[in-house]
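A look at the structure
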Amino acid sequence: MTTITEVQRGQGDPWSAPVATGPVRATVTVPGSKSGTNRALVLAAAADGVSRLRGALRSRDTVLMTAALRELGATVTDEAAPGGAEPGRPGEPGADQGAADIVVTGPVGAVRGTAAIDCGNAGTVARFTPALATLARGDVRFDGDPRMRDRPLAPLLRALRELGAHIDGDRMPFTVRGTGAVSGGAVTVDASDSSQLVSGLLLAAARFERGATVTHAGHRLPSGPYLDMTVADLRAAGVIVDVDDPTADLLRAGGTPAASTRRWRVEPGGPRPLDRVIEPDLNSAAPFVAAAAVTGGEMTITGWPASTEQPGRMLPDLLVAMGCRAELVPEGLRVTGGGRITGIDVDLSDFGEAAPVLTGLAVLADSPSRLRGIAHLRLQETDRLAALASELGRLGARVTVTDDGLSITPVPLRGARLDPHADHRLAMTYAVVGLAVPGVTVDDIATTGKTVPDFARMWTTMLAG
Ligand SMILES: O=C(O)C1=C[C@@H](OP(=O)(O)O)[C@@H](O)[C@H](O)C1
Ligand SMILES: C=C(OP(=O)(O)O)C(=O)O
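Residues numbered from 1 in each chain as written. Chains lettered and ligands numbered in written order. Predicted model: local features only at pLDDT ≥ 70, side-chain atom pairs only at ≥ 80, totals over all residues. Heavy atoms only, no water.

1. A short note on the UniProt feature "active site" (unreviewed entry) in the chain
Under the local residue numbering, the UniProt record ascribes the feature "active site" (unreviewed entry) to Glu353. Within the fold, Glu353 resides in the loop between strand S18 (345-347) and helix H12 (355-362). Take Glu353: its relative accessible area is 15%, and that puts it in the buried class. Setting aside residues no more than four positions away along its own chain, Glu353 makes contact with Lys34, Tyr226, Asn283, Pro311 and Arg425. (UniProt positions renumbered as here; feature names shortened; annotations may be inferred. Helix = DSSP H or I, 4+ residues; strand = E, 2+ residues; numbered from the N terminus. Buried < 20%, exposed > 50% of the residue type's maximum accessible area, 1.4 Å probe, protein only. Contact = heavy atoms within 4.5 Å.)

Structure follows, in structure tokens:
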């Protein structure tokens, strides 16, 4: 088993990706949603009272989030861990994996000395906690992995300053000088590089004295469903939010928008404490359903939600477009591989997280693919476009970086040693390709612990049926 601590140190043995000896037939339960867990944690820490999150994800990104909330003065315990351990505390038995049942007592308040928040390479921690820190009292220093220092953040920090917060610095490391109160008001942010820059403002805005009116103005708005998830989660916590989407209105009327704008109005008041069951992370299901596509097998993902804000709801249609069958059955989602994989041409601007695994399928397909609308993937855990092209290129694959995505022409592949560039989704993608290509080795499979702490064991169990 790989521990969270190993993942934080970037350790982990080179891992030989197992080759499938026949069609995979398995039922898999994936861990809770990273996005759902970390939004619920932030809302719980902003609320006045006791919140409960059931089926929450316990992985590197959520452990970093719980540690951040404690730094800000909230109390966080994991009732599912033996002895009610604080989630993810290194060395606690059972604190590294499995579903967490987290109790949070908010709101954030006085910090002890200078608080320090380690964002790791978690976009949700880096973008969701600075606004929360403005509501605490005391200095809070933010830093993260070297890569996180280069990921987009400045528009969020500038916006917070305009709303009345005191922040030293425009990039990591920076310090929020929390006074416990922010006046709020109207602000414009360019979220072209990450939707999280807006979500981070909205999640805390109900605690600003005047609430906030946040306008996005830029050349694109990636990952739109995550903004809808933020709004839905706020409303479920009793916060009043209005959304005005002129770009969508124009598109619906048949127009061609020259730029992208959207506006959110969050009224002051709330959020109220939550009692929430976290959905399974549909992104984490992607490599497993891809295994059915690669091997012509059958994969059932338990607990697939009938309706959800997660962009992973698009996964079944994408797999169908690539030649699979997908159906909702009483246990969850069942995907059956069609024996061959068809290439696709698709805009993934709403669902960039699918791009790595779909690229893994596309190199094994029998026709070319084009993945569009994902220029922002250059700014994620790694430059995902460049890394997918160069690493899969080691297998002989023809993956070319385009203006806004990838173009893939399938050719015969050979084994090679692949570097995931500390990116969980790249490591999982290599495992998918390795099912069909003997000799694929992954340098640091432990990096999957960002969202799926037990990935290597789950993968072997899946292959054993
Ligand atoms: O709000 C969220 O929970 C997320 C938003 C997306 O980020 P970007 O908007 O930066 O693409 C997504 O890629 C990330 O994994 C989770
Ligand atoms: C982009 C991702 O993560 P983050 O929350 O760090 O942006 C991801 O999980 O694919």
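2. Remarks on the site of ligand 1
Lining the immediate environment of ligand 1, one finds 13 residues, of which Ser35, Arg39, Ser195, Ser223 and Glu353 sit closest. Here an oxygen atom of ligand 1 and a side-chain polar atom of Arg39 are 2.7 Å apart. Relative to its unbound accessible area of 380 Å², ligand 1 is 95% covered by the protein chains. Among the cavities detected, the one that contains ligand 1 is the largest cavity. Elements supplying a minimum of two residues to the shell around ligand 1: helix H2 (34-46) and helix H4 (123-133). With 3 residues, the top contributor of residues to the shell around ligand 1 is H2. When grouped by side-chain class, the residues that make up the shell around ligand 1 number 2 nonpolar, 8 polar and 3 charged. Each of domain 1 (4-31 + 280-464) and domain 2 (34-277) gives at least three residues to the shell around ligand 1. (Near = heavy atom within 4 Å. Polar contact = N/O pair within 3.5 Å; in protein donor to acceptor, adjacent residues only side chain to side chain. Areas by Shrake-Rupley, 256 points an atom, 1.4 Å probe, with all protein chains shown as cover. 1 Å grid on protein atoms, 1.4 Å probe; cavity = no way out; pocket = protein on both sides within 12 Å on 5 of 7 lines; lining within 4 Å. Sits in = over half its atoms within 2 Å of the grid points. Nonpolar A, V, L, I, M, F, W, Y, C, P; charged D, E, K, R; others polar. Domains from an automatic or database assignment.)

3. Regarding the side chain of Arg384
Examined against the element boundaries, Arg384 turns out to sit in helix H13 (residues 384-393). Classification of Arg384 as buried rests on a relative accessible area of 1%. For Arg384, the contacting residues outside a window of four places in its chain are Pro356, Leu377, Arg378, Asp423, His424, Arg425 and Leu426.

4. So, empty space enclosed by the protein
In total, this model carries 3 cavities of 30 Å³ or more according to the counting rule given. Volume-wise, the largest cavity comes out at about 330 Å³. Listing elements by their share of the lining of the largest cavity, those giving two or more residues are H2, H4 and helix H14 (424-434). Per-element accounting of the lining of the largest cavity gives the leading share, 4 residues, to H4. Split by residue class, the lining of the largest cavity holds 7 nonpolar, 11 polar and 12 charged. When residues are assigned to domains, the lining of the largest cavity turns out to be shared by domain 1 (4-31 + 280-464) and domain 2 (34-277), each giving three or more. The computed volume of the second largest cavity comes to approximately 40 Å³. Taken together, Asn283, Ala286, Pro287, Glu353, Val357, Arg425 and Met428 make up the lining of the second largest cavity. Breaking the lining of the second largest cavity down by element, the ones donating at least two residues are helix H10 (282-295) and H14. Among the elements that make up the lining of the second largest cavity, the one with the highest residue count is H10 (3 residues). When the residues that make up the lining of the second largest cavity are grouped by side-chain class, the tally is 4 nonpolar, 1 polar and 2 charged. (Points joined across faces, edges and corners; volume = space filled by probe spheres on them.)

5. Considering unusual backbone geometry
Here the residue pair Met172 and Pro173 is connected by a cis peptide bond, since its omega of -5 degrees sits within 30 degrees of zero. Look at the link from Gly270 to Pro271: it is a cis peptide, with omega at 0 degrees. Examined against the element boundaries, Pro271 turns out to sit in the loop between strand S13 (260-266) and strand S14 (275-277). Here Ser223, not a glycine, exhibits a phi torsion of approximately 55 degrees, which is positive. With respect to the helices and strands, the residue Ser223 is situated in the loop between strand S11 (212-218) and helix H8 (224-236). On the basis of relative accessible area, Ser223 is assigned to the buried category, the value being 12%.

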